[in-house]
Number of protein chains: 2
Amino acid sequence: MSPEARDVLAGNAAGAANQQRANHRLRLAVIDRDPGFMQVLSNRLDALGWDLRGLSSAVTVDALVAMRLNALVIDLAVLGPGSWEYLERVCGRLPGLAVIVCTGPSSVAQRVRGLRLGADAWMTKPCHAEELICVIEAAIRRHRRNEMPQIEESTSVGQITIRPDLYQAYAGGASLELTAREFEILHLLSQSDRVLRREEIYERVWGYAMAHGDRSVDVFVRKLRQKLRAASPEWNYIHTHFGVGYRFAPERDGGEATPDATEDARSGARESEFAPALVG
Amino acid sequence: MSPEARDVLAGNAAGAANQQRANHRLRLAVIDRDPGFMQVLSNRLDALGWDLRGLSSAVTVDALVAMRLNALVIDLAVLGPGSWEYLERVCGRLPGLAVIVCTGPSSVAQRVRGLRLGADAWMTKPCHAEELICVIEAAIRRHRRNEMPQIEESTSVGQITIRPDLYQAYAGGASLELTAREFEILHLLSQSDRVLRREEIYERVWGYAMAHGDRSVDVFVRKLRQKLRAASPEWNYIHTHFGVGYRFAPERDGGEATPDATEDARSGARESEFAPALVG
DNA sequence: TTGCGTGTGAAGATCCTGTGACCGGGCCGC
DNA sequence: GCGGCCCGGTCACAGGATCTTCACACGCAA
């Protein structure tokens, strides 16, 4: 299974309803100059699939905004005298950003000051990478929980428009009348260009492993094709790969597939993959 | 509105904005048996005007819910063997509660475990009361940050007017006579164009996680529909998305038999160029 | 051609939601 | 203090909508 698939699976429980959110990689920046520390952290975060950016000195707040971070780890020692002001500015300007101070020995007063200025947590170095990651996760978790639900971008492929916010797909203004499960499968398929095996589809939509010989996915694909054909007769959306699975790709019917044309048709709002987490 | 109605709102998204503005005291519970620790903390929190409740042993999750806490501090040592399960249960059931573990010396693995189970922070005793308070504040701050910007303006949708300042909705000058909960749900729904899952609604109105199989949301939606229909019979406001949840969108009743023709007839609505689906 | 994987239609089984009735607790007036 | 009312919350039932399963037809590869 792809790492991406694993991400989506994490924490699904009640089905794919809330899976979209966990979809994209977490973006983290660390302002620190300790190569060993960075190395350890980097290894660990790589394994987790995070997107780590190491910074050896303070960057402007605007630059931080541009990075669309989920979290920021700061070693105040690196910043020198202006560190408190910097911390305050960052926290004030990016209230949605999880800020963790991770620095050498400090006094209670310093830690209190840092937290009061808006830091979410204070770790004292040396510290275990795993623990730091947990603290970061906790901060992000807390931030996310209270965020307004992400606005899911609608995407257009071929002649249809998929609207996750309405749990529905449309063609020419008319609803396809998909059921919840049908929509989830269509949505899943439409987010990937590659062939998805049945087991994969099942796991990601149903939330648990597919029983051997289960034909549910086939049946739903049939229903989907039916509704897609009814709403958009000129196009083929779901392709069967014999012995493998299904692949989503809008293609005009009739003549053989014209890759050029289809590529263009897919240009919709695809870039929503990297929907930002913060950025107020 | 009854004074009790206000209380009910504590710790939920829509109502919380009110709360903070009204400068409500923060409610904190501490599960700990160290009298000295409690004394120091108590003194400090008194000065800050917090509402502190000391507990010498674990209480049921339901009891915690009833306390309407903003934060909970736990000394795992007090709980004994079942402490991890307890922590997990509390964090799972009360996702909006700030949970801080404050206990004696521990291993990295223990801290990691606690944080992974949902704790927001881990403090090691002995610790300075001031620092603990800052950590609690940081956790609560994160919890609330996004609730503040709520604008309590009255909005009109379809034939009804929602007035958050009066905790009531009106149609043609007449009150709908909504109860506090009913209003909460209507207000929440009306602020979003997308489909809201029951769990989401529950969590944001009740302030804690919905128990599996709880039908409260459905029941309140029924009551709401009843009152909405009585006050504005020509319109449909709350739409059911089977297997997903509810969506708010004012729509005229009646002549929507022909989806094609109705496309233009959607006058009063404020959004969605798309036809509605799955109207309950 | 055989063997297996896939498309298709339909019939239950299952799940989901609407609904009315009911219950307990808090609040108010008496 | 007492009784009634209002409100939030639970329960069980009924009707639909949806899902799963099954049998069979069809197509692909060897």
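For the structure, see preceding data.
Mind laying out the packing of aromatic side chains, listing which residues take part and the relevant values?
Tallying each qualifying case throughout the model produces 14 aromatic pairs over all chains. With centroids separated by 5.8 Å and ring planes inclined at 85°, the aromatic side chains of tyrosine 202 of chain B and tyrosine 208 of chain B adopt a geometry described as edge-to-face. This pair shows no difference in class: tyrosine 202 of chain B is buried, exactly as tyrosine 208 of chain B is. Judged by centre distance (5.8 Å) and plane angle (70°), the rings of tryptophan 206 of chain B and phenylalanine 220 of chain B are edge-to-face. Here the residue tryptophan 206 of chain B occupies a position in helix H10 (residues 198-206), and phenylalanine 220 of chain B occupies one in helix H11 (residues 216-231), the gap between them amounting to 14 residues. Overall, the relative accessible area of 10% leaves tryptophan 206 of chain B in the buried class. Here a set of aromatic residues connected by ring pairs shows up, and it is made of Tyr202, Trp206, Tyr208 and Phe220 of chain A. In this structure, lysine 125 of chain A is placed above the aromatic ring of phenylalanine 37 of chain A, and the distance from its NZ or CZ to the ring centre is 4.5 Å. Sitting over the face of the ring of phenylalanine 220 of chain A, lysine 223 of chain A holds its NZ or CZ atom 4.9 Å from the ring centroid.

Account for helix H9 (residues 198-206) of chain A, with residues named and values stated.
All names here are of chain A. Most of H9 is tucked away, with 7 of its 9 residues classed as buried. For H9, the full list of buried residues reads Arg198, Glu200, Ile201, Tyr202, Arg204, Val205 and Trp206. Trailing H9 by a residue or two, glycine 207 shows a phi angle of about 95°, which is positive.

Quick one: what's the story with the protein's contact with DNA strand D, residue by residue and with numbers?
Taken together, 21 residues surround DNA strand D, and among them Arg181 and Trp206 of chain A together with Thr179, Arg181 and Ser216 of chain B come closest. Protein-proximal atoms of DNA strand D, defined as those within 4 Å of the protein, fall in sugar or phosphate at a share of 74%. Alanine 180 of chain B places a main-chain nitrogen or oxygen 3.4 Å from a phosphate oxygen of DNA strand D. One of the side-chain nitrogen or oxygen atoms of serine 216 of chain B is found 2.9 Å away from a phosphate oxygen of DNA strand D.

A description of the environment of alanine 71 of chain A should follow, citing residues and the corresponding values.
Residues and elements named next belong to chain A. Tracing the chain through its elements places alanine 71 in strand S3 (residues 71-74). Along the chain, alanine 71 and valine 30 lie 41 residues apart, while their C-alpha atoms are 8.6 Å from each other. Look past the residues within four positions of alanine 71 in its chain and what remains in contact with it is Arg27, Leu28, Ala29, Leu97, Ala98, Ile136 and Ile140.

Explain the sheet that holds strand S11 (residues 235-241) of chain B residue by residue, including any values.
Residues and elements named next belong to chain B. The antiparallel open sheet is built from 3 strands, whose spatial order is S10-S12-S11. Each of the sheet's edge strands pairs with one partner strand only, and the pair in question is strand S10 (196-197) and S11. Direction of pairing for S10 relative to strand S12 (residues 245-252): antiparallel, over a ladder of 2 bridges. Residue pairing across strands places arginine 197 opposite glycine 245, the latter belonging to S12. Packing against the sheet, helix H9 (residues 180-190) makes contact with S10, S11 and S12, and its axis sits at approximately 75° to S12. H11 rests against S11 and S12 of the sheet, and its axis sits at about 160° to S11.

Describe in detail the protein's contact with DNA strand C, supporting the description with residues and values.
Taken together, 19 residues are adjacent to DNA strand C, and Thr240 of chain A together with Arg215, Arg225, Thr240 and Tyr246 of chain B come closest. Considering the 4 Å shell around the protein, atoms of DNA strand C inside it are sugar or phosphate in 53% of instances. The backbone of glycine 243 of chain B places a nitrogen or oxygen atom 3.2 Å from a phosphate oxygen of DNA strand C. Put simply, the parts of the chain that give the surface near DNA strand C at least two residues each are helix H10 (216-231) of chain A together with H11 of chain B. Its residues placed into classes, the surface near DNA strand C shows 5 nonpolar, 4 polar and 10 charged.

Now, about the pattern of salt bridges: what can you tell me, with residues and values included?
Tallied over the entire structure, the rule returns 29 salt bridges over all chains. Put simply, aspartate 120 of chain B and arginine 142 of chain A hold a salt bridge, and the shortest N to O gap is 2.1 Å. In this pair, aspartate 120 of chain B is assigned in the loop between helix H7 (108-116) and strand S5 (121-124) and arginine 142 of chain A in helix H7 (residues 129-146), connecting two distinct chains. By relative accessible area, which is 5% here, aspartate 120 of chain B ends up buried. The class for arginine 142 of chain A is buried, based on a relative accessible area of 0%. For glutamate 199 of chain A, the salt bridge identified is with arginine 197 of chain A, shortest N-O distance 3.6 Å. For glutamate 199 of chain A, a relative accessible area of 36% puts it in the partly exposed group.

Here is what the cut-offs are and how they apply
- Residues numbered from 1 in each chain as written.
- Chains lettered and ligands numbered in written order.
- Predicted model: local features only at pLDDT ≥ 70, side-chain atom pairs only at ≥ 80, totals over all residues.
- Heavy atoms only, no water.
- Phe/Tyr/Trp six-rings, centres within 6.5 Å; stacked < 30°, edge-to-face > 60°.
- Buried < 20%, exposed > 50% of the residue type's maximum accessible area, 1.4 Å probe, protein only.
- Helix = DSSP H or I, 4+ residues; strand = E, 2+ residues; numbered from the N terminus.
- Lys NZ or Arg CZ within 6 Å of the ring centre and 35° of its normal.
- Near = heavy atom within 4 Å.
- Polar contact = N/O pair within 3.5 Å; in protein donor to acceptor, adjacent residues only side chain to side chain.
- Contact = heavy atoms within 4.5 Å.
- Pairing = 2+ DSSP bridges.
- Axes fitted to C-alpha atoms, helices over the stretch in contact; angles between N-to-C directions.
- Nonpolar A, V, L, I, M, F, W, Y, C, P; charged D, E, K, R; others polar.
- Salt bridge = Lys/Arg side-chain N within 4 Å of Asp/Glu carboxyl O.

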